[in-house]
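# Survey of secondary and tertiary structure
Listed below, chain by chain, are the residues.
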Amino acid sequence: VQLQASGGGLVRARGSLRLSCVASGSISSIKVMGWYRQAPGKQRELVATTTRDGTINYADSMKGRFTISNDNAKNTVYLQMNSLKPEDTAVYYCNGFAPSWSGGTHYWGQGTLVTVSS
């Protein structure tokens, strides 16, 4: 499984960005895709996840400004980020989760940097 994330960049506060993540390879086992982020000096944290049938979960702090969506035909998951704040500055990682009886496997993309200037 390969996950290719794109769409990061430099944006001013209150601006918007849309991240994309394309999954390829043996993706039939992937049941959940999502986005995590890691700010400098902090642990990686959940942003949002979505299943193939559209069940969506957001971290409480992300609700209202961020929207996750997927296009199953393109094996792509998106993260629309609006009203960005400097504290949203982080490396954003695409994640794919393949559940199994032993617990499952997480796959990670390379990360895309989002920098929000004040």
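These notes cover the structure that comes with them. (Residues numbered from 1 in each chain as written. Predicted model: local features only at pLDDT ≥ 70, side-chain atom pairs only at ≥ 80, totals over all residues. Heavy atoms only, no water.)

## Structural notes on the side chain of T49
If you trace the backbone, T49 turns up in strand β5 (residues 45-51). You can call T49 buried: its relative accessible area is 14%. Every residue in contact with T49, bar those within four places of it in the chain, is listed here: V32, M33, G34, T55, I56, N57 and I68. (Helix = DSSP H or I, 4+ residues; strand = E, 2+ residues; numbered from the N terminus. Buried < 20%, exposed > 50% of the residue type's maximum accessible area, 1.4 Å probe, protein only. Contact = heavy atoms within 4.5 Å.)

## Describing unusual backbone geometry
At R14, a position not held by glycine, the phi torsion is positive, near 80°. Inspection of the secondary structure puts R14 in the loop between β2 (9-12) and β3 (17-24). A positive phi angle, near 50°, is found at N75, a position not held by glycine. Looking at the element boundaries, N75 is found in the loop between β7 (66-71) and β8 (76-81).

## Description of the state of the cysteines
Between two cysteines, a covalent bond joining their sulfur atoms is known as a disulfide. Within the structure shown, the criterion is met by one disulfide. What pairs with C21 in a disulfide is C94, and their sulfur atoms sit 1.9 Å apart. Taking the sign of the S-S torsion, -80° for the link of C21 and C94, the bridge is left-handed. Here the residue C21 occupies a position in strand β3, and C94 occupies one in strand β9 (residues 90-98), the gap between them amounting to 73 residues. Considered together, C21 and C94 belong to a single accessibility category, that of buried residues. (Disulfide = S-S within 2.5 Å.)

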